[in-house]
Amino acid sequence: MTTEPQRITINLPDDFHHHARDGSKTPAVLKHAVKRFGRCLFMPNLNPPVVNTAMALEYRKHILDSLPPNSELTPLMTLYLTDKTTPEEIRKAHATGLIVACKYYPAGATTNSAFGVSDVKHTYAALEAMQEIGMRLCIHSEVTNADIFEREPVFIEEVMKPLVAKFPTLNIIMEHISTEEAVNYVMNESPDNVRASITCHHLLFNRNHMLVGGIRPHLYCLPILKSEKHRLALLKAATSGSPKFFAGTDSAPHFTSDKESACGCAGVFTAHGAIELYAEAFESEGALDKLNDFCSTYGAQHYGLEKNAGRKLVLEKVAWKVPMTYDFGDAGTVTPLRAGKEIAWRIVE
């Protein structure tokens, strides 16, 4: 007798941290995203970065023009916060109803962050305006002057705690947290308006997967993968049912040739299978019943949005083999997470 594969049904998820890149690379990314998400929060670290309202609206149009035919996805836009971002620009962006957050990149912390914030005090006027109007602040929560494995805990002490004290009602998202310290801070020490997103790769992999037996460049990301105790802390937080944690994939594609180089780029491409990979992580904790809220409820709540109505996503436990590469625009390919290997869950089309 044939046994039917296990199935679960969730509300259409959102991704509150997605990189769509630009040019011909954007449609190559979005063809994966539209199968899994109703809304994506698109990151502004293009070259040049998206630093004002006009640029954000132009990028939004490019995203909409790049969607596959007969597909739907709502872009949620962000501004790239700099030392020179003005309160007037913040209010102008917020008034569009289309730009929902600003992204704080410490200068030099990650891809295309050279124009980022050099000192948080330089952003105080902009942050005051954001707090006043209810605009969200997304933070890459690392310093750049500490050991690469300690940058997040140092950021919490040196930047986050003073920032939260200064702006007690500012809605903050610590994006792609990667340490036990960040979990403890968000869960136990921060006010309710401070929450965190977690990626599927930080739930499934630790630094040994990246480094033992040879360097695996397609697992190199920032924040960098940490030790197993940190992965387990993230997994416990994600599957806890706490609304303080939600999905943000940080799917960050680069050309395969740029990853497999003497100085490879930071970023893991997961758009091809992010929800399926989250399902693997949640299943490992016996917490598939918590997957819906993590992927489809808690992030929307924090951004003041209703859950996606109508379309559901059905997952079944049938393994599929990930291609070695996917097309990535006109000039190359991107290597996905688990290239040439299996993902245990798939989407039922």
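As a starting point, this report considers the structure included with it. (Residues numbered from 1 in each chain as written. Predicted model: local features only at pLDDT ≥ 70, side-chain atom pairs only at ≥ 80, totals over all residues. Heavy atoms only, no water.)

### Let's talk about helix 6 (residues 180-189)
Okay, so step 1: Inspection of helix 6 places Ala182, Val183, Tyr185 and Val186 among the buried residues, and these make up the whole buried set. Burial along helix 6 is one-sided: seen end-on, the buried residues are contained in an arc of 165°. Exposed residues lying more than 90 degrees from the buried face of helix 6 are Asn188 and Glu189.
Okay, so step 2: The inward-facing, buried residues of helix 6 abut helix 5 (151-166), strand 7 (172-175), strand 8 (194-198), helix 9 (228-238) and strand 9 (245-247). (Buried < 20%, exposed > 50% of the residue type's maximum accessible area, 1.4 Å probe, protein only. Helix = DSSP H or I, 4+ residues; strand = E, 2+ residues; numbered from the N terminus. Arc of directions from axis to C-beta. Contact = heavy atoms within 4.5 Å.)

### Details of the packing of aromatic side chains
Each aromatic ring pair is characterised by the separation of its centres together with the angle its planes make.
Okay, so step 1: Considering all chains together, one arrives at eight aromatic pairs under this definition.
Okay, so step 2: Relative to Tyr303, the ring of Phe16 lies with its centre 4.5 Å away and its plane at 10°, an arrangement referred to as stacked. You can see Phe16 sitting in strand 2 (residues 14-18) and its partner Tyr303 sitting in the loop between helix 13 (298-302) and strand 10 (312-316), a full 287 residues away along the chain.
Okay, so step 3: Take Phe16: its relative accessible area is 2%, and that puts it in the buried class.
Okay, so step 4: Put simply, the rings of Phe16, Phe246 and Tyr303 touch in pairs and so form one group of aromatic residues. (Phe/Tyr/Trp six-rings, centres within 6.5 Å; stacked < 30°, edge-to-face > 60°.)

### Focus on the pairing of strand 10
For a regular strand, side chains alternate in direction, first toward one face of the sheet and then toward the other.
Okay, so step 1: Sheet analysis places strand 1 (residues 7-11) next to strand 10, joined by five bridges and oriented antiparallel. Each bridged residue has a counterpart across the sheet, and for Asn11 the counterpart in strand 10 is Lys312.
Okay, so step 2: The sheet contact formed by strand 10 and strand 15 (residues 346-347) spans two bridges and is antiparallel. Across the sheet, the residue bridging to Leu315 is Ile347, located in strand 15. (Pairing = 2+ DSSP bridges.)

### Here we look at the packing of helix 3 (residues 87-95) against helix 4 (residues 124-133)
Packed helices, taken two at a time, are described by their axes: the angle between them and the distance between them.
Okay, so step 1: One can describe the packing of helix 3 onto helix 4 by two numbers: an axis separation of 8 Å at closest approach and a directional angle of 35°. For the pair helix 3 and helix 4, the crossing hand works out as right-handed. Of helix 4, the residues touching helix 3 (which contributes Pro87, Ile90, Arg91 and His94) are Ala125, Ala126, Ala129, Met130, Glu132 and Ile133. (Axes fitted to C-alpha atoms, helices over the stretch in contact; angles between N-to-C directions. Left-handed = near helix turned anticlockwise from the far one by under 90°.)

### Here's the deal with unusual backbone geometry
Okay, so step 1: Looking along the chain, the bond that leaves Asn47 and enters Pro48 is cis, with omega of 5°.
Okay, so step 2: Within the element layout of this structure, Pro48 appears in the loop between strand 3 (39-42) and helix 2 (53-65).
Okay, so step 3: Look at the link from Leu222 to Pro223: it is a cis peptide, with omega at 0°.
Okay, so step 4: As for its placement among the helices and strands, Pro223 is situated in the loop between helix 8 (207-211) and helix 9.
Okay, so step 5: A positive phi angle, close to 60°, is found at Asn70, a residue other than glycine.

### Notes on the sheet that holds strand 8
Okay, so step 1: If you trace the eight strands from one edge of the open sheet to the other, you get 2-3-4-5-6-7-8-9, paired in parallel fashion. The open sheet has two edge strands, strand 2 and strand 9, and neither has a second partner. Neighbour to neighbour, the strand axes of the sheet diverge by 30° on average, direction disregarded.
Okay, so step 2: Here strand 4 (residues 74-80) pairs with strand 5 (residues 99-104) via four bridges, running parallel. Paired with Thr78 across the two strands is Ala101, which belongs to strand 5.

### A word on the pairing of strand 8
Okay, so step 1: Of all five residues making up strand 8, five are buried, and the element is well covered by its neighbours.
Okay, so step 2: Covered by surrounding structure in strand 8 are Val194, Ala196 and Ile198 together with Arg195 and Ser197, the residues of both alternating faces.
Okay, so step 3: Where strand 7 and strand 8 come together, three bridges link them in parallel fashion. Following the sheet pairing, Ile172 is matched in strand 8 by Val194.
Okay, so step 4: Handedness of the crossover is the feature at issue here: the chain leaves strand 7, passes through helix 6, returns alongside strand 8, and the resulting connection is right-handed.
Okay, so step 5: In terms of strand pairing, strand 8 meets strand 9 through three bridges, oriented parallel. What sits directly across from Ile198, in strand 9, is Ala247. (Right-handed = clockwise from strand over helix to strand, strands pointing away.)

### Looking at helix 3
Okay, so step 1: Within the span of helix 3, buried status applies to Pro87, Glu89, Ile90 and Ala93. End-on view of helix 3: buried residues confined to an arc of 160°, all on one side of the axis. Exposed residues on helix 3 whose side chains face more than 90 degrees from its buried face are Glu88 and Ala95.
Okay, so step 2: Buried-residue contacts for helix 3 involve helix 2, strand 4, strand 5 and helix 4.
Okay, so step 3: Looking one or two places after helix 3, you find Gly97, whose phi comes out positive at around 75°.

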